[in-house]
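A look at the structure
Residue strings, one per chain:
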Amino acid sequence: MSLKVRLKYIIKNNLLFKSKKQHVKVLAIGVDCPSDLLILTDFFQIKRSSITFQNNFKPHLEEAEALGFKCSIECKDKHDLIIVAIPNDKKEALGLVSKSLKIIKEKGYIVFDGQKSIGIESIVNKLSFLNFTLISKAHGKLVLAPKPKTIPHSVEEWDNASQLSLNKNNFLTSPGMFSYKKIDSGSELLGNFLGKNIKGQVADLCSGWGYLSIIALEKNSKIKKVCLFEANYAALMASKQNLKDPRACFHWEDVINLSDQEKKFDFVICNPPFHSKAKYDIMQGRKVIKTGYKILKFTGSFFMVANKHLPYERNLRNYFSKVDKMTETPYFKVFRATKPIINP
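Looking now at the sheet that holds strand 2 (residues 51-54). Sheets are built from strands that pair by backbone hydrogen bonding, the pairs being arranged parallel or antiparallel. Spatially, 7 strands are ordered 3-2-1-4-5-7-6 in an open sheet, and the strand pairing comes out mixed. One side of each edge strand has no neighbouring strand; the edge strands of this open sheet are strand 3 (70-72) and strand 6 (133-137). Ignoring which end each strand starts from, the neighbouring axes of this sheet average 20 degrees apart. Most of the contacts of helix 3 (residues 58-67) go to strand 3, to which it runs at about 160 degrees, and overall it touches strand 2 and strand 3. Strands strand 1 (26-29), strand 4 (79-85) and strand 5 (104-115) of the sheet are contacted by helix 4 (residues 90-101), whose axis makes an angle of about 165 degrees with strand 5.

In structure tokens:
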């Protein structure tokens with residue numbers, strides 16, 4: 001809602017251009033609360049379909065589509081107003097800045113918005129080439145600027161640095177993905193337990209750029225199929241590049257809402273997210289456990305790694321009769337849960 005507060009402020013104070021009403025094309029990139037944009041339909045007197053909502057995260061796109069916005073994974077059309085929600089990762093953020101500057105119409109405006117908690121100030125410091133107005137409000141900052149006459153060559157490099165490239169372990173990833181610089185230590189630990197006894201149908205929940213599926217397939221010739229479920233489109237596309245095994249199939253899905261996979265899989269493996277909007281959020285992991293239970297056969301096994309301090313044991317026992325802690329380190333713990341409860 002903080003974006004809405006700051007947008008409301010610049011509208012109230014007549015900081016946005018008012019020409020071309022009813023014909024304004026708006027592009028919102030990376031916004032995680034689509035309803036924050038509804039204020040623009042009244043101000044510009046435009047239909048909701050005049051706002052294009054660009055996002056990698058499927059739940060946000062589904063919410064935006066339900067509101068009547070036009071939705072896109074990547075939009076290259078030029079727009080009068082572009083709003084960029086600055087993400088946590090600095091390279092990803094600068095890449096979005098660079099891309100957005102290429103598609104502003106003449107006499108158009110661009111907005112960069114973010115919370116102080118994710119380091120928006122460091123991005124603002126990079127924007128000295130813009131003639132911008134800075135708004136500080138609701139624990140965040142908003143940069144409003146007209147299209148610049150010239151764009152420094154270094155800004156093009158920001159886009160290049162945000163593209164897919166090989167990480168330290170020679171897997172293709174890009175900034176903004178979970179553990180894009182190298183293999184996550186928790187995933188690596190869980191991978192040690194995906195030995196030669198995994199077989200049949202396997203689901204990888206919150207699969208990211210594909211590491212757990214890669215390890216499972218490398219170690220287990222009796223696997224018939226691994227289904228990777230990932231809500232981040234960019235990460236899923238990276239996993240397709242990293243995993244060429246014909247037994248792999250890829251699903252752009254929010255694992256919380258899988259509805260057509262019940263009791264289908266012999267094994268479920270996962271390293272669920274433990275944060276939401278830069279804060280610890282144990283509910284994310286709990287929801288993944290519930291999905292794992294729903295899609296697992298009664299004879300199946302559920303493998304999960306979690307940060308040591310997150311108390312998932314009770315939640316696992318709500319759904320499984322047998323829960324084994326396979327290992328515990330100073331930072332992580334690995335569980336194998338079996339014998340799903342028929343009516344939890």
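For the rest of this paragraph, the subject is the pairing of strand 17 (residues 320-328). The side chains of a regular strand alternate between the sheet's two faces. Strand direction decides the pairing type here: strand 17 and strand 18 (residues 332-340), joined by 7 bridges, are antiparallel. The residue bridging Lys 322 from the neighbouring strand is Thr 338, located in strand 18.

A few words on the packing of aromatic side chains. The full count for this structure, using the stated rule, is 11 aromatic pairs. Taken together through their ring pairs, the aromatic side chains of Tyr 293, Phe 302, Tyr 319 and Phe 320 make up a single cluster. Looking at Lys 58, its charged tip hangs above the ring of Trp 252, at a distance of 5.3 Å from the centre. Directly above the ring of Phe 298 sits Lys 263, whose terminal nitrogen or CZ lies 4.5 Å from the centroid.

This next bit is on the packing of helix 4 against helix 6 (residues 153-161). At their nearest, the axes of helix 4 and helix 6 sit 7 Å apart, and the two run at 120 degrees to each other. Taken together, the axis directions place helix 4 and helix 6 in an arrangement best described as oblique. For helix 4 against helix 6, the interelement crossing comes out left-handed. Here Lys 91, Leu 94, Gly 95, Val 97, Ser 98, Lys 99 and Leu 101 of helix 4 come into contact with helix 6, specifically with Val 155, Glu 156, Trp 158, Asp 159 and Ala 161.

Here we come to helix 10 (residues 282-295). Here helix 10 is 14 residues long and its end C-alpha atoms lie 21 Å apart, about the 20 Å a rise of 1.5 Å per residue gives. Of all the positions in helix 10, only Gly 285, Val 288, Ile 289, Thr 291, Gly 292, Tyr 293 and Ile 295 are classed as buried. Considering only its buried residues, helix 10 is in contact with strand 10 (200-205), strand 13 (265-270), strand 16 (296-307), helix 11 (313-319), strand 17 and strand 18.

A separate point is the pairing of strand 7 (residues 140-146). The buried fraction of strand 7 is high, at 6 of 7 residues. Note that strand 5 and strand 7 share 7 bridges and pair antiparallel. Paired with Phe 112 across the bridge in strand 7 is Val 143. As judged from the 5 bridges shared by strand 6 and strand 7, these two strands associate in the antiparallel manner. When the sheet's bridge partners are listed, Leu 134 is paired in strand 7 with Val 143. Between the end of strand 6 and the start of strand 7, which pair antiparallel, lie 2 residues, with Ala 138 showing a positive phi angle near 55 degrees.

On to the pattern of salt bridges. In the structure shown here, the tally under the stated rule is 14 salt bridges. Two residues, Asp 159 and Lys 102, come together in a salt bridge whose shortest N-O distance is 2.7 Å. A residue pair is termed long-range when its members are at least 10 positions apart, and Asp 159 in helix 6 and Lys 102 in the loop between helix 4 and strand 5 qualify at 57 residues. Classification of Asp 159 by relative accessible area gives buried; the value is 9%. In this structure Lys 102 comes out as partly exposed when scored by relative accessible area, which is 34%. Ionic pairing is found between Glu 313 and Lys 325, a salt bridge with its closest N-O pair at 3.8 Å. Pair noted here: Glu 313 is in helix 11 and Lys 325 is in strand 17, with a separation of 12 residues, a long-range link. The buried category is assigned to Glu 313, whose relative accessible area is 18%.

Positive phi values are uncommon outside glycine, yet Asn 14 reaches one of about 55 degrees. With respect to the secondary-structure elements, Asn 14 resides in the loop between helix 1 (2-12) and strand 1.

Quick notes on the rules
Residues numbered from 1 in each chain as written. Predicted model: local features only at pLDDT ≥ 70, side-chain atom pairs only at ≥ 80, totals over all residues. Heavy atoms only, no water. Pairing = 2+ DSSP bridges. Helix = DSSP H or I, 4+ residues; strand = E, 2+ residues; numbered from the N terminus. Axes fitted to C-alpha atoms, helices over the stretch in contact; angles between N-to-C directions. Contact = heavy atoms within 4.5 Å. Phe/Tyr/Trp six-rings, centres within 6.5 Å; stacked < 30°, edge-to-face > 60°. Lys NZ or Arg CZ within 6 Å of the ring centre and 35° of its normal. Parallel < 35°, antiparallel > 145°, perpendicular 65-115°, else oblique. Left-handed = near helix turned anticlockwise from the far one by under 90°. Expected span 1.5 Å × (residues − 1). Buried < 20%, exposed > 50% of the residue type's maximum accessible area, 1.4 Å probe, protein only. Salt bridge = Lys/Arg side-chain N within 4 Å of Asp/Glu carboxyl O.

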